[in-house]
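Here is what each chain is made of, one letter per residue.
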Amino acid sequence: MPETARLQLGDKAIDLPIVVGTENERALDIGALRAQTGYITLDEGYRNTGSCQSAITFIDGEEGILRYRGIPIEQMAEHSSFIETAYLLIWGELPTENQFNTFSDLLTKHQNLHEDIRHHFDLFPSNSPPMAVLSAVLNALSCFHPEMLEIEDDNSFQEAAARIMAKVRTIAAYSYRHANGFPTIYPHPDKKYTANFLHMMFSQPYKEYEPDPELVKALDLILLLHADHEQNCSASTVRMVGSSGANLFASVAAGVCALWGPLHGGANVAVVDMLEEIRAAGMSVKEFMQQVKNKKNGIRLMGFGHPVYKNFDPRSRIIKKTCENVLARLHLKDPLLELAEELEATALQDEYFVQRKLYPNVDFYSGVILRAIGIPHSMFTVMFAIGRMPGWIAQWQEGRFVSKSRIHRPRQIYTGPTQRVYTPIDKRG
Ligand code: ACO
């Protein structure tokens with residue numbers, strides 16, 4: 001007998017089916033509630049609403065657990081690469097050697113942009129926000145690959161997924177080069193995914209950029225750690241856009257827009273801005289914390305707090321360790337890292353943060369490590385978008401082809417004026 005919960009509405013009792021996930025997460029299925037009772041549920045911001053059933057990523061925010069397709073993030077970080085992780089997220093299993101090579105070959109095959117796309121970059125002012133350029137050019141890809149608009153089978157999905165994964169880093173690097181007036185550097189057929197991105201960003205026609213392998217590894221790890229995070233704001237956007245039947249390019253372009261905001265992917269920029277401002281003002285950690293805790297100032301400790309994690313974000317621990325290791329191995333000293341560590345230590349002991357269960361999130365240290373790698377500030381959120389691409393692709397595919405979801409259409413409780421009469425303009429006053 002399936003488990004149900006009984007809802008009493010006046011003298012009417014309704015049995016709501018209980019849906020149980022593989023990790024024993026429980027939900028009341030209210031899908032038929034309105035039809036049965038005329039009621040809807042109200043949950044602003046969907047904080048207590050499951051928008052779908054998903055087999056991609058598991059998070060336990062209370063325990064600080066994150067798993068990709070069942071595998072703990074710590075194991076992925078230690079043993080895997082960004083591309084292998086992308087394969088796991090999109091296709092559900094770690095690839096065999098053959099599958100991995102086929103996917104890598106596809107990424108190489110599709111890494112160039114159509115030459116006409118390059119001219120798009122000329123039309124953007126050089127100070128354009130890189131997230132705007134990324135979203136626009138990703139969307140424009142659908143004009144150049146119309147055959148990818150209809151994804152009918154596994155093969156066409158694989159082609160489209162590889163195209164987007166391969167091209168997103170080319171677009172990102174081109175936008176940076178163009179904004180800085182540097183000549184375009186084409187992707188190199190023999191370089192791996194992350195090293196190739198750094199090559200396109202930093203090589204010059206007369207001199208190849210040769211990054212320290214430790215930096216390439218660190219950047220690959222950052223991409224891996226950002227690869228998916230279940231139904232966050234941008235993934236939900238991608239699924240929602242996809243639910244209308246919109247193509248994969250349009251859906252991930254919308255995901256980029258959702259990620260852009262400072263409360264989501266833009267937080268890694270905001271953290272470094274905050275650290276730089278504290279230093280420039282010569283403010284002590286104590287003084288800054290006072291400002292944060294005085295709500296009137298509207299200042300937040302950026303990189304702290306999370307809608308789901310009420311414990312350490314497991315990614316922040318990994319990034320912090322990597323950050324310290326990389327800087328130490330390269331004999332780099334970044335005063336922002338020291339400041340970040342001091343802020344973290346202070347916050348973790350402070351009643352304000354303890355009471356509200358505010359812990360460092362993935363963005364708290366990622367900006368510092370991106371700086372060490374040489375990624376410019378303006379590109380931090382773009383790095384997040386490159387990392388998140390496999391997650392968006394997996395979420396889109398699951399919504400469209402696995403759960404075959406209906407068009408997403410939340411309802412509302414209307415609070416505006418009740419019916420009234422139109423007043424002609426000469427009678428308004
Ligand atoms: N600094 C100071 N106070 C905070 C912070 C913070 N970073 N985050 C939350 N609070 C306080 C709020 O003022 C509120 O206090 P109150 O109960 O006295 O009113 C309480 O903690 C709860 O805050 P909410 O805004 O309700 O928490 P929510 O879960 O909605 O927000 C969010 C989560 C947006 C991440 C928030 O913690 C925040 O703004 N953090 C800083 C920005 C940031 O780092 N964003 C990255 C998120 S992770 C990601 O997208 C990759």
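Residues numbered from 1 in each chain as written. Predicted model: local features only at pLDDT ≥ 70, side-chain atom pairs only at ≥ 80, totals over all residues. Heavy atoms only, no water.

Things to note about the site of the ligand
Okay, step 1: Residues in contact with the ligand amount to 22 residues; listed here are only the nearest, Arg47, Lys295, Arg300, Leu301 and Tyr352.
Okay, step 2: Here Lys295 contributes a side-chain N or O atom positioned 2.7 Å from an oxygen atom of the ligand.
Okay, step 3: Residue Gly303 places a main-chain N or O atom 2.8 Å away from an oxygen atom belonging to the ligand.
Okay, step 4: Residue composition of the shell around the ligand, grouped by class: 11 nonpolar, five polar and six charged. (Near = heavy atom within 4 Å. Polar contact = N/O pair within 3.5 Å; in protein donor to acceptor, adjacent residues only side chain to side chain. Nonpolar A, V, L, I, M, F, W, Y, C, P; charged D, E, K, R; others polar.)

Let's talk about the nonpolar core
Okay, step 1: Grouped together as the largest cluster of nonpolar side chains are 114 residues, with contacts concentrated most on Leu138, Phe197, Met274, Leu301, Leu343 and Ile375.
Okay, step 2: A total of 13 residues in this core trace back to one element, the largest contributor, which is helix α7 (residues 154-179).
Okay, step 3: Setting aside chain neighbours within four positions, we find Ile375 in contact with Phe197, Leu198, Phe202, Leu219, Leu370, Phe380 and Met383. (Core = buried A, V, L, I, M, F, W, Y, C linked by side-chain atoms within 4.5 Å. Buried < 20%, exposed > 50% of the residue type's maximum accessible area, 1.4 Å probe, protein only. Helix = DSSP H or I, 4+ residues; strand = E, 2+ residues; numbered from the N terminus. Contact = heavy atoms within 4.5 Å.)

A few points about the pairing of strand β2 (residues 12-20)
Okay, step 1: With six bridges joining them, strand β1 (residues 4-9) and β2 adopt antiparallel strand pairing. Note on β2: the bridge partner recorded for Ala5 is Leu16.
Okay, step 2: As paired strands, β2 and strand β3 (residues 26-28) are joined by three bridges and run antiparallel to one another. Within β3, the position partnered with Val19 by the bridge is Ala27.
Okay, step 3: Where β2 folds back onto β3 in an antiparallel hairpin, the turn is made up of five residues, including Asn24, whose phi is positive at roughly 70°. (Pairing = 2+ DSSP bridges.)

Description of the packing of helix α6 (residues 130-144) against helix α11 (residues 248-260)
Okay, step 1: Axis separation between α6 and α11 bottoms out at 8 Å; the angle between their running directions is 170°. Classified by the interaxial angle, the pair formed by α6 and α11 is roughly antiparallel. Where α6 abuts α11, its residues Met131, Ala132, Leu134, Ser135, Leu138, Asn139, Leu141 and Ser142 lie against Phe249, Ala250, Val252, Ala253, Val256, Cys257, Leu259 and Trp260.
Okay, step 2: A class-by-class count of the residues in the contact of α6 with α11 yields 13 nonpolar, three polar and no charged. (Axes fitted to C-alpha atoms, helices over the stretch in contact; angles between N-to-C directions. Parallel < 35°, antiparallel > 145°, perpendicular 65-115°, else oblique.)

Re the environment of Glu208
Okay, step 1: Structurally, Glu208 can be placed in the loop between α8 (193-202) and α9 (213-225).
Okay, step 2: Sequence separation between Glu208 and Ile185 is 23 residues, and the spatial gap between their C-alpha atoms is 9.9 Å.
Okay, step 3: Glu208 has contacts with Lys191, His199 and Ser203, leaving out every residue within four places of it along the chain.
Okay, step 4: Within polar-contact distance, the side chain of Glu208 engages the side chain of Lys191 at 2.8 Å.

Considering the environment of Arg177
Okay, step 1: The residue Arg177 is located in helix α7 in this model.
Okay, step 2: Along the backbone, Arg177 and Asp426 are 249 residues apart, and their C-alpha atoms lie at a distance of 56 Å.
Okay, step 3: Apart from residues no more than four positions distant in its own chain, Arg177 is found in contact with Phe182, Pro183, Ile185, Met200, Met201, Phe202, Ser203 and Gln204.
Okay, step 4: Of note is the side chain of Arg177, whose polar atom sits 2.7 Å from the backbone oxygen of Met201.

Focus: the sheet that holds strand β4 (residues 57-60)
Okay, step 1: Taken in spatial order, the three strands line up as β4-β5-β6 in an open sheet, and their pairing is antiparallel. Single-partner strands in this sheet number two, and they are β4 and β6 (71-72).

Remarks on helix α13 (residues 285-293)
Okay, step 1: Those residues of α13 not exposed but buried are Val285, Phe288, Met289 and Val292. In a view along the axis of α13, the buried residues occupy a sector of 100°, so they form one face of it.
Okay, step 2: Against α12 (267-280), α15 (335-349) and α16 (351-355) lie the buried residues of α13. (Arc of directions from axis to C-beta.)

Thoughts on the sheet that holds β2
Okay, step 1: Taken in spatial order, the three strands of this open sheet run β1-β2-β3, and their pairing is antiparallel. Among the strands making up the open sheet, the edge pair consists of β1 and β3. Averaged over all pairs of adjacent strands, the angle between their axes in this sheet comes to 30°, without regard to strand direction.

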